[in-house]
Amino acid sequence: MLARTADNLFWLARSMERADFIARTIEATLRLEYLPKSEGDKTAEWEGALNAAGAYEGYVEAHGELDEESAVEFLTFDRSNSSSIRNCLENARSAGRAVRTALTAETWTAINDAWLELKRFESSHHMARPLDRLALMRFLDYVKKASLDFDGSCYRTMLRSEAYWFNRLGLFIERADNTARLLDVKYHLLLPSSEPVGGSLDYFQWVAILRAVSAATAYHWVYRDRVKPWLIADLLILKRAMPRSLISCYESIDRALDSLARDDGRSGVAQRQARAMHTKLERSSMTQIFQGGLHEFITGFIEDNARLSNTISEQYLFI
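Residues numbered from 1 in each chain as written. Predicted model: local features only at pLDDT ≥ 70, side-chain atom pairs only at ≥ 80, totals over all residues. Heavy atoms only, no water.

Observations regarding helix 10 (residues 216-223)
Inference 1: Listed in full, the buried residues belonging to helix 10 are Ala-218, Tyr-219 and Tyr-223. Angularly, the buried residues of helix 10 cover 105° about the axis, an arc narrow enough to put them on a single face.
Inference 2: Downstream of helix 10 by a residue or two, Arg-224 has a phi angle that is positive, lying close to 50°. (Buried < 20%, exposed > 50% of the residue type's maximum accessible area, 1.4 Å probe, protein only. Helix = DSSP H or I, 4+ residues; strand = E, 2+ residues; numbered from the N terminus. Arc of directions from axis to C-beta.)

Examining the confidence of the model for the chain
Inference 1: Of the residues in the chain, 90% have a pLDDT of 70 or more, and the chain-wide mean is 88.
Inference 2: Of all the helices and strands in the chain, helix 9 (residues 200-212) carries the lowest mean pLDDT, 76, while helix 13 (residues 269-282) carries the highest, 97.
Inference 3: Of the regions scoring below 50 in pLDDT, residues 190-197 engages in 19 contacts with residues more than four places distant in sequence or in other chains. (pLDDT = per-residue confidence, 0-100. Contact = heavy atoms within 4.5 Å.)

Digging into helix 13
Inference 1: In this model, helix 13 (14 residues) spans 20 Å end to end at C-alpha, consistent with the 20 Å of a helix rising 1.5 Å per residue.
Inference 2: Within the sequence span of helix 13, burial applies to Ala-270, Gln-271, Ala-274, Met-277, His-278 and Leu-281. Angularly, the buried residues of helix 13 cover 135° about the axis, an arc narrow enough to put them on a single face.
Inference 3: Buried positions along helix 13 lie against helix 11 (229-238), helix 12 (246-264) and helix 15 (294-317). (Expected span 1.5 Å × (residues − 1).)

Here's the deal with the packing of aromatic side chains
Inference 1: Under the defined criterion, the tally for this structure stands at 10 aromatic pairs.
Inference 2: A centroid spacing of 5.7 Å and a plane angle of 50° characterise the contact between Phe-139 and Tyr-142, whose relative ring orientation is tilted. Taken together, the positions of Phe-139 and Tyr-142, both in helix 7 (residues 133-157) and 3 residues apart, correspond to about one turn of that helix. In this pair, the class of Phe-139 matches that of Tyr-142, namely buried.
Inference 3: Where Phe-166 meets Tyr-316, the ring centres are 5.4 Å apart and the plane angle is 75°; that geometry is what we call edge-to-face. With Phe-166 in helix 8 (residues 162-190) and Tyr-316 in helix 15, this pair connects stretches of sequence that are 150 residues apart. Like Phe-166, the residue Tyr-316 is buried in the burial classification.
Inference 4: Feature note: the residues Phe-77, Phe-121, Phe-139 and Tyr-142 constitute an aromatic cluster, connected by ring pairs.
Inference 5: Positioned over the ring face of Tyr-155 is Arg-160, at 5.1 Å from the centre of the ring.
Inference 6: Above the face of the Tyr-164 ring, Arg-160 is positioned so that its terminal group lies 4.1 Å from the ring centre. (Phe/Tyr/Trp six-rings, centres within 6.5 Å; stacked < 30°, edge-to-face > 60°. Lys NZ or Arg CZ within 6 Å of the ring centre and 35° of its normal.)

In structure tokens:
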């Protein structure tokens, strides 16, 4: 497969997954807005959302003072934010068009329909800016559905060939990064210093995080216990059965890289790095992670995940 084609398939999946993650992050943040808070903490949730999306510095540079309306705009339709939902879906469609012949009809339709629906929302947005809360929630639901349609069409209709495995690599590299960032933001940014760990605000923030990754029901199935931060961290880091957990993502990354190695008969640095990260997660326990510091563990994971993405680019995607 040409490196240019592989690169487009990789970033197509990353863009669709990122759009879904940002929609879920906005939705969770809107829920947190209804919780009581002190005057000085009015925008803490939106700072957390922007940090989770890796867009806080860009927002401050563009807008300065933080407020909900500007934060939502920056994360949804702002063309100057490379990670806005609008730009993610535009990038996905551009990448999809470039590799149209490597996609099934169903997968291309899912991407193209997502873009056409975005243009309709964008038109409504220009006529009524900002979108009212009901319209915004409809928009976020559409983005999540578009991502599910894309993911499902890939899984159900694409041959398990190089095109499929590069697509899956992009999706799971992005999903692992998103889950890690969401955990780190909650642990370090959201809870005000005046609030007790384990208090009502802490509880509802963790519940919002679970809902952001569609894991609230799964949590109770697995643990049959009230919401506890260390159990949520366990679910999102070390539970293989949880599709968005770090270890589940790395099982899938390992599988994709091994499949590519079998197809071309060569194993390289990317396979070794992914296997090392997977093994580290397998050998970790929440006791060890918390003793060493959750923030430090997550920061190291995000850096290693980004390093693996660069290695994959060097090994397969550079033109």
